[in-house]
Every structure is written in C-alpha cells, then in structure tokens.
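Coordinate analysis (summary)
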Amino acid sequence: MLPMSGIWDSVRLEIKPSHHLLGRFCAARILRRRCLALDIDASAPGNVRVSVLDTPIAASGAAGTMQLDFPDYILWSPETPMVYTLRCELLDKDGRPIDVLEQPFGMRECTVKDGRMCLNNHSLYVKGVLAVPPSPASPDFATRAKKQLESAREAGFNLVRFIQPPPESLLHLCDAFGLMVWEDMPLPGSRGVEEEQAELSALVSRGRNHPSVIAWTVYSSAGGHEALLRSLRALDPTRLVFSYAEGNAFFLRPFRDAPEPFDSPRIVLPAPLDLDGDSYCRHAGEPEMLCVPSPIGVQGVMNIPQALAHMGSHAGTPEARCLQSAEDALERLFTEHDLGRVFNGPEAFYEATQLVQAAAVRIELDACRANGKASGYCYARLAAGGASLEAGLLAGDGAGNAAFDVVREAQQPLRPLIHMAQTNLVPRQETGVSILMVNEERLDERVDLSLQVVGPTNQVLWKKRRSIKLVRTGKEIWSGDIAASGSTGPHRFIVRLLLGAKVVSESSVEFQVYAPADPSEALIDVVDTADEWRTRCAPFARLTDRMPAVHIVPPLANTIRAYPAEKMAQVIAEVREGAVAIVFSPPCDWNDLATWIDPSVQAASLPAHTAFHYAKLHPVFEGLPSRGLMRQPYRDVVPRWTFPDKGEEDICGAIWTSPSGEEPLAAGANILVRRLGSGRMVFTHLRILEQLGEDPLADRLFVNLLRHFARRSVPSEEPVAPDAPTQDWLKQERVDAIRRWMVLGMFPNWNGEGFDTPYPPEHTVELQMAYSGWCKPIRWRRWYSCVRERHLVELQEALEPFISPSAIGVPGAAYAYAEFNGHDRCPIHIHIGAYAPTKIWLNGRLLLAFDEQRPANQRIEPIILDATIKQGKNTLLVKVAKSAGACRFSLEMESATRIPLSMNWWK
C-alpha cells in the first residue's frame, strides 16, 4: 500500500507480458514531501534503476517499494504543462539494463474546496468544452485531433470534457497542451455489471498515467452503480469522480468515498437570447455547492455544404447521409417558402445562423461568468460532426466560425462584463448599466476605466474616465445610466481598461435606437375581460367596441376553453362578415374550437426551441430589420412556438431542426393568415403584446400589423349576431371542462430547503403583489387545468417556459391558489397526484406534507385525503418544491357521502 498522507496523485503503467517488469509500475507523487513513492514489480530477479529524465533525480535498489527524492519540480497546469518522464530499468547482475520502461507523468493535484474547483491548491475557474473525439480510423485523425485541441486552447478553454472515451494519443496531446481532461465513461446499456467493470478498468488503466486527466464521470447502471463507483475508486483514488444516477448528480473528492451533491444545470438556449435567458444564466446553480453548468451554449445549425465538402472518404457513412438529407430538405424549403426573398441561397442562410448564434453566445458567456455561484462551465460543442446538425465552434476543416471568435474574446482572463437593462431604446431614452470585473489572474494594480457611447456614425456621444483598482472576479466596478442620442440606428457602449496608453481589455454592447411608433388610425377592439390588454393597446390605435376593423385577441389563458364565450363568438361572426382578428399566442388546444368554427382556421403549434426565425421584406416590418434572420434586436419578441403550416401570406417564419425526426430540417410560419368567410384570422406567437410600451421594436411591429391588416379588413356596416355554435360550445366547456388557478413561482429551492421555507403565499395570498423569484421578479398569473387531464397543473410550463426543457433540472418552489363556493358543508375526498414534494392547505389548514421527488415518467397512484368543505367560500393553496424533474400536480375532489358534491369553482 502506498502512503495516504500528503497531497499526491498516482501514476500506473500497464506493461505488456513480453516485458520482464511485471504488469504494473506505480509511482505516487507526494507534492508536499517533494518525493516520488514507487512500487515496482518485476518478473525476473535483479535490481532496478529509476530516474527522471533530464533531471539529476535517480536511485537504484531492489524491486518493490522505493522512495525517490524530487525536491525541485514544476507543477503541471494549463499555464505550465510540465510533463516529466519516469524511466525504470531492470538490471542484470552486472548492472546492465535488460529491460527499460518509460512513462510520462506530471506533478499536480486537483480537488474541490469550498464549492470551487482547485488545481494545485489554487481556485480554478473551469472553462470547458464538450468534445467528441475524432475517429482513429480516419486517415487524417492525427492532424484533425491536434488542430481541434490547439483551437480549444486558442479559444481560451482550459478543459475538454470528452463525452466518449478518447484514444490515448489525444490524452498525450492534452498533457502537452495544458488542457485538463474530464472523461465520461460509456453510458450503461445492455452489458452486465461485470462487463461494465472490465471496460471501466481498461479505460482507467489507459488514462490514469496522464496529468491532464482530472475527473471521471460514471452514469447509473441498473443494479450496478455503487459497484462501479467502488471499482473506480479502487482503481484510481486520486481523481474527482462525478456520478449521475436516478436524476441526481454528486461527486467524490480524491481519497473520499462519501458522495457530495453536485449541480450541473443545462443551459442550452435558443438564439437570439432574451432577457429571461440572460437572467437564467446569471442566477443558475445552487449556492454553497459545487456548480459547473454543462452543457451551456446556444442552438445553432452547422454549415452543411461545407461539412459535406470535407467528408472525404466518409462520404457514404450514416453521418454523410444525414447531412445530405438535411441539405436536400433545405433546398425544398427554399422552394416551398420562397426563401430566396430572404437569403441569397443556402450558404447565406448558414452564415446568418452563425452570426445570430455568435451574438447570443457572447451574452450567454458573459452572463455565466457573472454568475458567482458557478465554478465554471462546459460549452456545448467543440467541433461539428456526428449525426447531429448542431453547429460546433469548429467547422469540418477545423476552422473557427463566428462563435469561435466570440468565445475567444469572451474567455479572456481580464474582462469587464457589461449588463444593460434594455437594448432597444427611443431617442434620448436612458437605461441602466452595470459593469462587473473578471480578473482571473488577480492583477493588483490601478488602471483607467474608460466608458463611451458611440452613435450610428461612429461619433463619441458621451464619455467618462476614471482611475480604478482591479478588483477580484465578480465585483462591480461601475453602475449608472447611459442615454441614447437623438439619432436612430445602432449605438455601442464601449468599456476599456487602460494601463497608460495601452488597452489591456475591452468589451462592448450594441443597442438600437428606434423612432417612436406613430399610432395607427385603425379601429380596433380588444378581447379583454380585465382591461389589462386594452390599456396596453390604447396608445397605439383607436379603441371601439362597435364593428372594428381589427379584433385583438391577447394571450388570455393556456386553454381556449377559458376565453370569454360571448366575446369570442362575436369576433368569429364579424370576421366571417369581413373583419380581421389577430390572435396572439393561441393556446395549444385552439383547434378544438376551430373544428366548431371551420377546419380551415386550424392553427397547430410546435415548440421553437431549436428554431431560427426570419423576416421577409414586408410592410409588417417597415422601419425594422428584415430580409434576414431575426437577430438580437428581436430578442424579446421572437416566439417560443411556431406554426408548422403555411398560410395565405408568407410574412415571417422559422426554420428548425425537426422535432418529429421525419425531416432533419423543417419550416413554419410565425404569422399564419387563414381565410374565414369574407375575413381573415391571423395567428402569431410573436411576443408583441407582452412588450408593448416597453420595447419600441414591439411598438412599431404592432402598429405595422394593424395598418397592414386593417387595409385588408372590410367590417360589416351593421351589427352582427354572435356565432351561436361557438358561444354555446365555449360556455359549456368553461363550466364542465376547466378550473382556474392562480400560479406563482419560481421561488428558490436550493438544497431542498424551499419545501419548509414559508414564502409569502403561506402567510397571505395577495394576487396583485410582485415578489423576487430565484432568477427574476414574479407575479401571480392565471392557469387552467382540464378535466381530460385529470386537472393536471403543469407549473413548469406555466411559470418558466423560457428555459424549457433546460428548466427541468432547476430546483424551484411554486404555488397554485384557487377558490370555490360550497353549497353546503360536506365531507370530501381529495385525490392528489404528487410528482414532487407537495403541501396542500384547505381553508388555511395543512392537509398534506408529502416530501418525495418522483421520476417524471413514473405512473403514480394519487394520494387520497379526507377533508371537509364549508358552505360558502373555500380556498385551496398547493405548494410544489421540486428538485430535478417535473414541477406538477393533479387535484380532483369527490363527495365522501352518497350526496353528490355541489360547488362552484372559481372562474
């Protein structure tokens, strides 16, 4: 046994049977004692001589345990990747070598302290990148592998997380380049536990001699996860071990067997990146816990023609066939959707996606680095390849794309991080700005901080300069307000750090200035029972309730069954006579109503998480960027859903990697126009109404929509009776099929403590109040459960759709509140489907405190509670505090007597 004291790591060498040295050569580097402890087995008698090449360090003696003093060494690190070579010779009786073995090694130690990664006893910020190693069978394997790893270092990464075991030649390169390696073991499959352990042993034996390898990842295996962990710890006690099992993540420190919780939120977001996504990146992660978000990144599409051109001998592989299928699909989309009016060919589309992705990547990386809870991150993909169409930072020829250049700039060790509250302004409008400092090298000196606002013609509109001391990472160095000029167009806010006349670091943020939108002269009516949306729309059009040219149908609820029956029936009737209705964010069950109106006005919706959105040259986009992809100015307007069908007009749409798998690429509409009688139904998921009065781009887009469709509207000159079938169906469904809730969240649930933390709704329910959520301000909002789903309430979908499906792993606590009137006092049974830790209060009395997180795909049996409702008003409050997994519950009630339950649910 080797000594377990001190800070040390082990090097073991597997020997071929033909060698006289037996099977294993083990060296322990004892950093604090400045020595090497060796354990040598030999298959032939004789002494051994060991030495460290290119140093005076040497010793001789009998095979077995030896100690070799090594007083002067250089630690291996990304900055100083010093690799030594340990030489062992088996000597005959005359002192001549009869066998020689050499093994590279490095002196370094990696662990976790105070929730931070540490290398050689210094805090380490992990800037990692996920990589799939190139195939060793490729004729250009060595060239490609070296190019990729050199590019990773050039981009500022200090770690590569191989999601498949790499060939050992790549580990040698990482040793030399100073790239730390986090190696994922193969995912468990149909192999037995013994086969998995044998594979694990082979992988560890191959990699444990390399100083670059700092961590292993083991995934759950049916019935064998703990055995695999014990086996890995026995094979290599010196490295970090990360483990994912049953939805939980934990890690083992070197020489420790006790698991500790680990947070690894997934932050892969769509482009452009909106303010919600930015806020998520800044706040993700559990405090006081090791947190390394992995993967992070922004959705992209690789340049498929370029990738095909570099396939070479792999032209007939499944990967090549997938790429060819995607190229063919895009050509069809260009024809079917007339995309030549937007892009000058497919190549221009790919170039545009890279620019949109790069702009979003810059914001995301700065936001992640501003997150004080994270000890680093792992970016989503180094090189494009495989069957996925996802873009990497490197193209097929190894060249970096636009995102690569952004990542290289964003990962500089000294960098001011700019956060601007609003990036679309009107002339002379002010907005708040804060600047945080990234100072990984911990420079302790004074520099000049230079701030400038630069206008559309590159003139300096405002500037400020002052001397500051470089503070540690995460500290604010300036905050205040800046103002736009009186001119419209792109502006930049530039921050520079100057040492004398030399610029040592620079960052900038672009913001847009738009002229205020002139109100439309169109007569509009707004379907709004609470006057919330009418107030938003009033400054931009003329409101009326008698035969308007355009009906505005806001996003009132998550189900069409909750929309006001008489008003919607009136809208349908007037559209049939020639008016236009613009339906914003139609609920997913819109088609249930469309079957009653006319099947021709169906509007199915699909998620747009992987979509790029385009705008054609059209009156709807007058005065706004068009004829291209929607870039960062549209960040808070781009939709989270899109329509997979074509409509009467093709105004703007989306191209996304198909969720169905039938086609690698698919296209949809973001403004879907359908004829109904003499009028038109217009559907859009563009988030325009939500931004009215806040974002001048949304204001102008709304006015343009009204003007364009008002010209196509010919409203009736006489009052029209409401559409009777529509009204009757909606009234009946509202009574029989849905129940209204008010939902609020997410509050923090770090380390599961949110379950027992009494947040404000547990004291008093104030539906008009705003609160601080875990990553943004939160308010109560309406949500409806449906009888056909056994009154399932999807809190994740209701409260945090902007990060779905990423949010599934984020802890959070949410509330749902409802009221109902009981006709009489009555004993009841409450059937509660609890998928996560759940509490229920009826009339302020706690009925249930269920503390268990269940897998999202597990069929659960409801918990049955006995309770009594009172005559008159009753209140229900449900709290769900989930960790990883779904945030949902279902709730149904029935009478506990033979008398049917008689109540009126809150509508």
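Our structure's up above, just so we're on the same page.
So, here's what we can say about the structure. (Residues numbered from 1 in each chain as written. Predicted model: local features only at pLDDT ≥ 70, side-chain atom pairs only at ≥ 80, totals over all residues. Heavy atoms only, no water.)

Observations concerning the sheet that holds strand S36 (residues 611-615)
Read from one edge to the other, the open sheet built from four strands follows the order S37-S36-S39-S40, with strand pairing classed as antiparallel. Each edge of the open sheet carries a strand with a single partner, namely strand S37 (628-629) and strand S40 (665-669). With five bridges connecting them, S36 and strand S39 (residues 652-657) associate as antiparallel partners. Bridge assignment links Phe 612 to a residue of S39, and that residue is Ile 655. (Pairing = 2+ DSSP bridges. Helix = DSSP H or I, 4+ residues; strand = E, 2+ residues; numbered from the N terminus.)

What to know about unusual backbone geometry
Residue Pro 272 follows Ala 271 across a cis peptide bond; omega there is 0 degrees. Locating Pro 272 in the fold gives a position in the loop between strand S19 (267-269) and helix H5 (275-283). Following Ser 294, the chain continues into Pro 295 via a peptide bond in cis, with omega recorded as -5 degrees. Tracing the backbone through its elements, the reader meets Pro 295 in the loop between strand S20 (290-291) and strand S21 (296-298). Positive phi is not limited to glycine here, since Arg 428 has a value of about 70 degrees. Of note, Arg 428 is situated in the loop between strand S24 (424-425) and strand S25 (430-439). For Arg 428, a relative accessible area of 65% puts it in the exposed group. Not every positive phi belongs to a glycine, and Asn 843 is a case in point at roughly 55 degrees. When you line up the elements, Asn 843 lands in the loop between strand S50 (838-842) and strand S51 (845-850). When its relative accessible area of 29% is taken as the criterion, Asn 843 is described as partly exposed. (Buried < 20%, exposed > 50% of the residue type's maximum accessible area, 1.4 Å probe, protein only.)

Some words on helix H8 (residues 346-369)
The terminal C-alpha atoms of H8 lie 35 Å apart, and with 24 residues this matches the ideal 34 Å at 1.5 Å per residue to within 8%. Within H8, 17 of the 24 residues are buried, which leaves the element mostly enclosed by the surrounding structure. (Expected span 1.5 Å × (residues − 1).)

Quick notes on the packing of helix H11 (residues 565-576) against helix H14 (residues 724-736)
Taken N-terminus to C-terminus, the directions of H11 and H14 make an angle of 155 degrees; their axes are 8 Å apart at the nearest point. With respect to each other, H11 and H14 are oriented roughly antiparallel. Seen along the crossing, H11 lies across H14 with a hand that is right-handed. Residues Ala 565, Glu 566, Met 568, Ala 569 and Ile 572 of H11 lie in contact with H14, whose contacting residues are Thr 726, Gln 727, Leu 730 and Lys 731. A per-class count over the contact of H11 with H14 returns five nonpolar, two polar and two charged. (Axes fitted to C-alpha atoms, helices over the stretch in contact; angles between N-to-C directions. Parallel < 35°, antiparallel > 145°, perpendicular 65-115°, else oblique. Left-handed = near helix turned anticlockwise from the far one by under 90°. Contact = heavy atoms within 4.5 Å. Nonpolar A, V, L, I, M, F, W, Y, C, P; charged D, E, K, R; others polar.)

Quick notes on the packing of aromatic side chains
Under the counting rule described, the total for this entry stands at 31 aromatic pairs. Note on Phe 747 and Tyr 759: the rings are 4.5 Å apart at their centroids and 15 degrees apart in plane angle, and the pair reads as stacked. Residue Phe 747 is located in strand S43 (residues 738-747), and its partner Tyr 759 is located in the loop between S43 and strand S44 (770-772); the two are separated by 12 residues in the primary sequence. For the pair Trp 750 and Trp 774, a centre-to-centre distance of 5.8 Å together with 85 degrees between the ring planes defines the contact as edge-to-face. Of this pair, Trp 750 sits in the loop between S43 and S44 while Trp 774 sits in the loop between S44 and strand S45 (777-779), placing them 24 residues apart in sequence. This pair shows no difference in class: Trp 750 is buried, exactly as Trp 774 is. One aromatic cluster is present, formed by Trp 182, Tyr 219, Phe 242, Tyr 244, Phe 251 and Phe 262 through successive ring pairs. (Phe/Tyr/Trp six-rings, centres within 6.5 Å; stacked < 30°, edge-to-face > 60°.)

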